Amino acid sequence: MRSLLCLLLLAPASLVFADGPPDQSANAIIEALHMQKIPDEGAWFAPSYRSELRVPPSALPKRYGAARDLGSAIYALITRRDFSAMHRLLTDETWHFYAGDPIELLLLHPDGHSEQVLLGSEVLAGQRPQFTVPAGVWMGARPARDTADAYSLFGCTLTPGFDYGDYEPGYRDQLQARYPAQAERIAELTRPQFLTAPPAEAAPSEAAVESTPPRPFQTQAIAASELAPGVSLRELVGRSAVVPREDYSVAHFSLEAGKGTGQSYNRAGKEFFIVTAGAGTVAVNGTESPVSAGSIVVLDPGVKHAISAGADQGIEFYAVTVPAFSREDYVPVE
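What you are looking at is a predicted structure, and each value in this text was computed from that prediction instead of being measured. (Residues numbered from 1 in each chain as written. Predicted model: local features only at pLDDT ≥ 70, side-chain atom pairs only at ≥ 80, totals over all residues. Heavy atoms only, no water.)

Visitor: Break down unusual backbone geometry for me, with residues and values.
Guide: With an omega of 0°, the peptide bond running from Thr159 to Pro160 counts as cis. Mapped onto the elements, Pro160 comes out in the loop between strand S12 (151-158) and strand S13 (167-169). Between Val322 and Pro323 the backbone carries a cis peptide bond, its omega angle lying at -5°. Relative to the elements of secondary structure, Pro323 occurs in the loop between strand S23 (315-322) and strand S24 (330-333). (Helix = DSSP H or I, 4+ residues; strand = E, 2+ residues; numbered from the N terminus.)

Visitor: Residues and numbers for the nonpolar core, please.
Guide: Judged by nonpolar contacts, the single largest core of 24 residues is most densely connected at Trp95, Leu105, Leu107 and Val133. Taken together, the elements giving at least two residues each to this core come down to strand S5 (72-79), strand S7 (93-100), strand S8 (103-108), strand S9 (114-119), strand S10 (130-133), strand S11 (138-143) and S12. Excluding residues within four positions of it along the chain, Leu105 makes contact with Trp95, Glu115, Gln116, Val117, Leu119, Phe131, Val133, Met139, Gly140 and Ala141. Within the second largest apolar cluster, 18 residues are counted, among which are Leu227, Phe253, Phe273 and Val297. (Core = buried A, V, L, I, M, F, W, Y, C linked by side-chain atoms within 4.5 Å. Buried < 20%, exposed > 50% of the residue type's maximum accessible area, 1.4 Å probe, protein only. Contact = heavy atoms within 4.5 Å.)

Visitor: Just give me the short version of the sheet that holds strand S6 (residues 84-89), but keep the residues and values in it.
Guide: What links the strands of a sheet is backbone hydrogen bonding, and the strands pair in either a parallel or an antiparallel sense. Strand order in the open sheet made by the 5 strands is S9-S8-S11-S6-S13, with antiparallel pairing throughout. Because the sheet does not close on itself, it has two edges, and the strands there are S9 and S13. Direction aside, the axes of adjacent strands within the sheet are offset by 30° on average. Here S6 runs beside S13; their pairing, made up of 3 bridges, is antiparallel. Bridge pairing links His87 to Pro169 in S13. (Pairing = 2+ DSSP bridges. Axes fitted to C-alpha atoms, helices over the stretch in contact; angles between N-to-C directions.)

Visitor: Quick one: what's the story with the confidence of the model for the protein chain, residue by residue and with numbers?
Guide: Mean pLDDT for the protein chain: 87, with 88% of residues reaching 70 or above. Counting interchain partners and residues more than four positions distant, the pLDDT-below-50 stretch residues 1-23 has 86 contacts. The model gives residues 202-213 a pLDDT under 50, and that stretch makes 5 contacts with residues more than four places away or in other chains. (pLDDT = per-residue confidence, 0-100.)

This is how it looks when you write it as structure tokens:
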């Protein structure tokens, strides 16, 4: 799942890794750049640039269907475990190699052919310090060196800017059937949650969604998505949630002690945070205030905000957005 705070920077004092820390060099870079996991794809990233200019739909190819930022850039880091899983975008993406081990970049083209590009700094040895993946090409990457301490630091730039609506994960069974010569590499670059493509289902009409309320359900019954170590999200109601709605969205957040969301703001939606457990602080346009169970934070569009758990206890809250949260309206702030 990908929603309300999927692109936020975290600034914890130390990071906790579910499967143990990566190589110490990689760990130091992750902490220095305040990186977090890219949902579904699995690599580490930190936003470095996003244009304040917006491009209207009329000036973009029809495949976008909505306005986009003029451009965006990120830092990214992969290890053999935290690889960049197979995916494709609606936009050309340029990869820039910075440091660490050379990168094996697997590309699966729409016409059925495949290729592997080696990104690195040894130009005379055939490595590419920069490479652009065309829109619509499946891609996945990992460090070329097969050791636990291998890592690669690189950057990615896109024009128009990245939007999660332009991202499509690759399913192992479909890709292996389409590109059998790369079946082994595809298996190595897909994650357990994307082994088999879900069956195609007709989307319910908006009228049906509006007129058929779902049965009551418990928040804890919805699977949590880890946005970063110590920060998890459950999408409950919204554009891509278990209960689809366009007019409002509801998400549940859980932050471990000492963890924070980083700053962001919403261009169009009004937001409401309802704290249900724990305690911490909320920063609104740079002014910090304590919050605890029962606190409500009301945020107008364009208001920069961040919420952090206390040093000795976590915090849980619901985030309500009206109209429903849209990734096009979300702006992270460094």
